[in-house]
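# Tertiary structure, described
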Amino acid sequence: QVQLVESGGGLVQAGGSLRLSCAASSGTIFSIGAMGWYRQAPGKQRELVAVITSGIYTNYANSVRGRFTISRDNAKNTVYLQMNSLKLEDTAVYYCKVDLSGPPGSIWGQGTQVTVSS
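Residues numbered from 1 in each chain as written. Predicted model: local features only at pLDDT ≥ 70, side-chain atom pairs only at ≥ 80, totals over all residues. Heavy atoms only, no water.

## Some details on unusual backbone geometry
Apart from glycine, the bulk of residues carry a negative phi angle, and the bulk of peptide bonds sit in the trans form. Note the cis peptide between Pro103 and Pro104, where omega equals 5°. Structurally, the position occupied by Pro104 is in the loop between strand S9 (92-100) and strand S10 (106-108). Phi is positive for Ile56, which is not a glycine, with a value near 75°. Note on placement: Ile56 falls in the loop between strand S5 (47-52) and strand S6 (58-60). (Helix = DSSP H or I, 4+ residues; strand = E, 2+ residues; numbered from the N terminus.)

## Considerations on the side chain of Thr78
For Thr78, the location among the structural elements is in strand S8 (residues 78-83). For Thr78, a relative accessible area of 7% translates into the label buried. Polar side-chain contacts of Thr78 include one of 2.9 Å to the backbone oxygen of Lys76. Contacts of Thr78, omitting those with residues within four sequence positions, involve Cys22, Ala23, Met35, Ser71, Arg72 and Asp73. (Buried < 20%, exposed > 50% of the residue type's maximum accessible area, 1.4 Å probe, protein only. Polar contact = N/O pair within 3.5 Å; in protein donor to acceptor, adjacent residues only side chain to side chain. Contact = heavy atoms within 4.5 Å.)

## Some words on the packing of aromatic side chains
Summed over all chains, the structure comprises one aromatic pair. Geometry around Tyr95 places Arg46 over its ring, the cationic atom sitting 3.7 Å from the centre. Above the plane of the ring of Trp108 lies Arg46, whose end atom (NZ or CZ) is 4.6 Å from the centre. (Phe/Tyr/Trp six-rings, centres within 6.5 Å; stacked < 30°, edge-to-face > 60°. Lys NZ or Arg CZ within 6 Å of the ring centre and 35° of its normal.)

## Here's the deal with the sheet that holds S8
Pairing in this open sheet of four strands is antiparallel, and the strands run S1-S3-S8-S7 from one edge to the other. With partners counted over all chains shown, the strands left at the sheet margins are strand S1 (4-7) and strand S7 (68-73), one partner each. Sheet twist, expressed as the mean angle between neighbouring strand axes with direction ignored, is 15°. As paired elements, S1 and strand S3 (residues 18-24) share four bridges and run antiparallel to each other. The residue bridging Ser7 from the neighbouring strand is Ser21, located in S3. (Pairing = 2+ DSSP bridges. Axes fitted to C-alpha atoms, helices over the stretch in contact; angles between N-to-C directions.)

## Description of the environment of Trp108
With respect to the secondary-structure elements, Trp108 resides in strand S10. Linking Trp108 and Trp37, residues 71 residues apart in sequence, is a C-alpha distance of 9.5 Å. Dropping the residues within four chain positions of it, Trp108 is found in contact with Leu4, Tyr38, Arg46, Tyr95, Cys96 and Lys97.

Structure follows, in structure tokens:
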């Protein structure tokens, strides 16, 4: 069974940077498709931050475009999120999501807290 392990969250001042990583463990015969990052702030719904397909197409939420960069290393089954020029409103729990070509279809990471302070 594939599991996702996230790392890289923490506390940072506004204007600073963080890099999140999400590694998919081995244990599946299915191929990995799109990989993405979502976030959920207190009292708000989970929202898409960025996604990258297996073909390296990327898409970003308008609120992070130009500040965040998503990338992946297929050899390591890992997706990254480089976050620059962080704002207070970027504070949230960040989750990675990976699509598989077979059951269960998609899996989520455990979440990592990102807190931006003034």
